[in-house]
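Chain by chain, the residues run as shown.
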Amino acid sequence: VQLQASGGGSVRAGGSLKLSCLARGMILSTFTGSRRAWYRQAPGKQRELVAELTSGGMTNYQDSVKGRFTISKDNSKKTVYLQMRSLEPEDTAVYYCNINMGSRDYWGQGTLGTVSS
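Described in the following lines is the structure provided in the data block. Predicted model only: the values in this text are computed from it and were never measured.

Right, let's talk about the sheet that holds strand 8 (residues 79–84) for a bit. The strand order across the open sheet formed by four strands is 1-3-8-7, and the pairing between neighbours is antiparallel. The sheet terminates laterally at strand 1 (2–6) and strand 7 (69–74), the two strands that pair on one side only. Ignoring which end each strand starts from, the neighbouring axes of this sheet average 15 degrees apart. Strand direction decides the pairing type here: strand 3 (residues 17–24) and strand 8, joined by six bridges, are antiparallel. The residue of strand 8 that forms the bridge with Leu-22 is Thr-79.

The following block contains the structure:
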């Protein structure tokens, strides 16, 4: 299984980016039964949870991104998305997707999002 993340880039403050994470080689039942999440790591900081989507369909967001970011998935494509709007320079980070089902824990390679003021 490989998680292939894409969609990062450079935008100005107030702009938008949409990240995608394709779970290549993952069987559908694992994808739908897993917790799917996006983390980020800014320069000099620890990796932090940004948003999660549980297997039951519940979403949770870090306070700083509530109302601006939306996590979603497309089961038919085995892809998780993170739509980011009203971006701020503080959102600049490498974004990582994560899919977890108990002992099975998968990480994408990271995609860089840079927001300039």
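From this point, the narrative continues.
On to the environment of Ala-13. Looking at where Ala-13 falls in the secondary structure, it is placed in the loop between strand 2 (9–12) and strand 3. Ala-13 sits in the partly exposed class, given a relative accessible area of 43%. Each C-alpha atom of the pair Ala-13 and Arg-85 lies 9.5 Å from the other, and the pair is 72 residues apart in sequence.

Moving on, we come to the side chain of Thr-92. Position of Thr-92 relative to the elements: it lies in the loop between strand 8 and strand 9 (93–101). Side-chain polar atoms of Thr-92 contact the backbone nitrogen of Val-115, separated by 2.8 Å. If near-sequence neighbours (up to four positions away) are discounted, Thr-92 is found in contact with Ala-42, Pro-43, Gly-113, Thr-114 and Val-115.

It is worth spelling out the nonpolar core at this point. One finds Trp-38, Phe-69, Leu-82, Met-84 and Tyr-95 to be the most contacted residues of the largest nonpolar core, which totals 26 residues. Secondary structure elements with two or more residues in this core: strand 1, strand 3, strand 5 (48–53), strand 7, strand 8 and strand 9. Apart from the residues lying within four places of it in its own chain, the contact partners of Leu-82 are Leu-17, Lys-18, Leu-19, Trp-38, Val-50, Ala-51, Phe-69, Thr-70, Ile-71 and Tyr-95.

Our focus in this paragraph is the packing of aromatic side chains. One pass over the full model with this rule turns up one aromatic pair. Relative to Trp-107, the ring of Tyr-39 lies with its centre 5.0 Å away and its plane at 55 degrees, an arrangement referred to as tilted. Residue Tyr-39 is located in strand 4 (residues 35–41), and its partner Trp-107 is located in strand 10 (residues 104–107); the two are separated by 68 residues in the primary sequence. Judged by relative accessible area, which is 34%, Trp-107 ranks as partly exposed. Across from the ring centre of Phe-31, 5.2 Å away, lies the NZ or CZ of Arg-36, which sits over that ring. When the ring centre of Tyr-96 is taken as reference, the NZ or CZ atom of Arg-47 above it lies at 3.8 Å.

How each quantity is defined
- Residues numbered from 1 in each chain as written.
- Predicted model: local features only at pLDDT ≥ 70, side-chain atom pairs only at ≥ 80, totals over all residues.
- Heavy atoms only, no water.
- Pairing = 2+ DSSP bridges.
- Helix = DSSP H or I, 4+ residues; strand = E, 2+ residues; numbered from the N terminus.
- Axes fitted to C-alpha atoms, helices over the stretch in contact; angles between N-to-C directions.
- Buried < 20%, exposed > 50% of the residue type's maximum accessible area, 1.4 Å probe, protein only.
- Polar contact = N/O pair within 3.5 Å; in protein donor to acceptor, adjacent residues only side chain to side chain.
- Contact = heavy atoms within 4.5 Å.
- Core = buried A, V, L, I, M, F, W, Y, C linked by side-chain atoms within 4.5 Å.
- Phe/Tyr/Trp six-rings, centres within 6.5 Å; stacked < 30°, edge-to-face > 60°.
- Lys NZ or Arg CZ within 6 Å of the ring centre and 35° of its normal.

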